[in-house]
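# Tertiary structure, described
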Amino acid sequence: EAGVAQSPRYKIIEKRQSVAFWCNPISGHATLYWYQQILGQGPKLLIQFQNNGVVDDSQLPKDRFSAERLKGVDSTLKIQPAKLEDSAVYLCASSPVWLAKNIQYFGAGTRLSVL
Amino acid sequence: GDSVTQMEGPVTLSEEAFLTINCTYTATGYPSLFWYVQYPGEGLQLLLKATKADDKGSNKGFEATYRKETTSFHLEKGSVQVSDSAVYFCAFLSGGYNKLIFGAGTRLAVHP
């Protein structure tokens, strides 16, 4: 079974530029998550989708971050404009169904450096 | 609020040494608990989990027991290998939205 795919693996941009990350979850997984992992910290949830609907985006900085999950499969996370503090690894995860004890499967992440 | 406190790293051990990584959590109710591992250049992988009090999760020689009384979920391994070198994250599921709350991670370095 193929895992969660993310691209690009690395991205370097200057502050105030825009950037987008792509995630393809495991086939058939209804729930998709985006996490932000700042160096030296654990991942923090930014947004959670159930199929193509947003379940939780309470920690998403909506003035600059946006995300969509068209057709309930692939997802894109965008930052516009980027700030220095957005430098982090952005992790995508998916799980089969929306159950309280379900396991989340993670992709390798996209490492963003904002200069 | 919900949080996880992990033992600070890095933890440096010789091969075949005993490993303990402490983890305590603050949460409402009795959440499911997890240990995830992140090998260099790779994504997070589930190492083990426990879903109720006194459950013991185990995998690849690692073990952790869900201690409700002390709100702890310490990770142990009797004999570490060089290949166990990685960052280990303790986490739990928060609330009804299946949100994982992670600790800051503990880096383990095992040398021959």
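Before any of the text, the structure's been laid out above.
Residues numbered from 1 in each chain as written. Chains lettered and ligands numbered in written order. Predicted model: local features only at pLDDT ≥ 70, side-chain atom pairs only at ≥ 80, totals over all residues. Heavy atoms only, no water.

### A word on the interface of chain B and chain A
- Each partner contributes to the interface: chain B provides 20 residues, whereas chain A provides 25 residues.
- In this assembly, chain B packs against chain A so that about 1,800 Å² is buried in total across both faces, 52% of it on carbon and sulfur atoms.
- In this structure, the connection of chain B to chain A is made through zero salt bridges.
- If you look at where chain B meets chain A, you find three residue pairs in polar contact (both at pLDDT 80 or more).
- Elements represented by at least two residues in the side of chain B that touches chain A include exactly strand 5 (33–38), strand 6 (44–50), strand 10 (86–94) and strand 11 (99–102) of chain B.
- Grouping the amino acids of the side of chain B that touches chain A by side-chain chemistry returns nine nonpolar, eight polar and three charged. (Contact = heavy atoms within 4.5 Å. Buried area = accessible area lost by both parts, 1.4 Å probe. Salt bridge = Lys/Arg side-chain N within 4 Å of Asp/Glu carboxyl O. Polar contact = N/O pair within 3.5 Å; in protein donor to acceptor, adjacent residues only side chain to side chain. Helix = DSSP H or I, 4+ residues; strand = E, 2+ residues; numbered from the N terminus. Nonpolar A, V, L, I, M, F, W, Y, C, P; charged D, E, K, R; others polar.)

### Digging into the state of the cysteines
- For the structure on display, the rule yields two disulfides over all chains.
- Shown here is the disulfide that connects Cys23(A) with Cys92(A), its sulfur atoms set 1.9 Å apart. Handedness here is read from the sign of the S-S torsion; for Cys23(A) and Cys92(A), about -70°, the answer is left-handed. Here Cys23(A) is found in strand 3 (residues 19–24), whereas its partner Cys92(A) is found in strand 9 (residues 88–95), with 69 residues between them in sequence. Considered together, Cys23(A) and Cys92(A) belong to a single accessibility category, that of buried residues.
- Between the sulfur of Cys23(B) and that of Cys90(B) lies a disulfide, 1.9 Å long from S to S. Between Cys23(B) and Cys90(B), the S-S torsion sits near -70°, and that sign places the bridge as left-handed. (Disulfide = S-S within 2.5 Å. Buried < 20%, exposed > 50% of the residue type's maximum accessible area, 1.4 Å probe, protein only.)

### Concerning the environment of Ser94(A)
Residues and elements named next belong to chain A.
- In this structure, Ser-94 sits in strand 9.
- Overall, Ser-94 belongs to the buried group, its relative accessible area being 0%.
- For the pair formed by Ser-94 and Gly-28, sequence separation is 66 residues and the distance between their alpha carbons is 9.6 Å.
- Those residues in contact with Ser-94 that sit more than four places away from it in its chain are Val-4, Pro-25, Ile-26, His-29, Thr-31, Leu-32, Tyr-33, Ile-103, Gln-104 and Tyr-105.

### Focus: the sheet that holds strand 1 (residues 5–7) of chain A
Residues and elements named next belong to chain A.
- The strand order 1-3-8-7 describes an open sheet built from four strands, whose pairing is antiparallel. Taken across any chain shown, the strands that pair with only one partner, and hence form the sheet edges, are strand 1 and strand 7 (65–68). Shown here is a sheet whose adjacent strand axes are inclined to one another by a mean of 15°, direction ignored.
- Relative to strand 3, strand 1 runs antiparallel, the two being bridged by three bridges. Bridge pairing in strand 3 links Gln-6 to Cys-23. (Pairing = 2+ DSSP bridges. Axes fitted to C-alpha atoms, helices over the stretch in contact; angles between N-to-C directions.)

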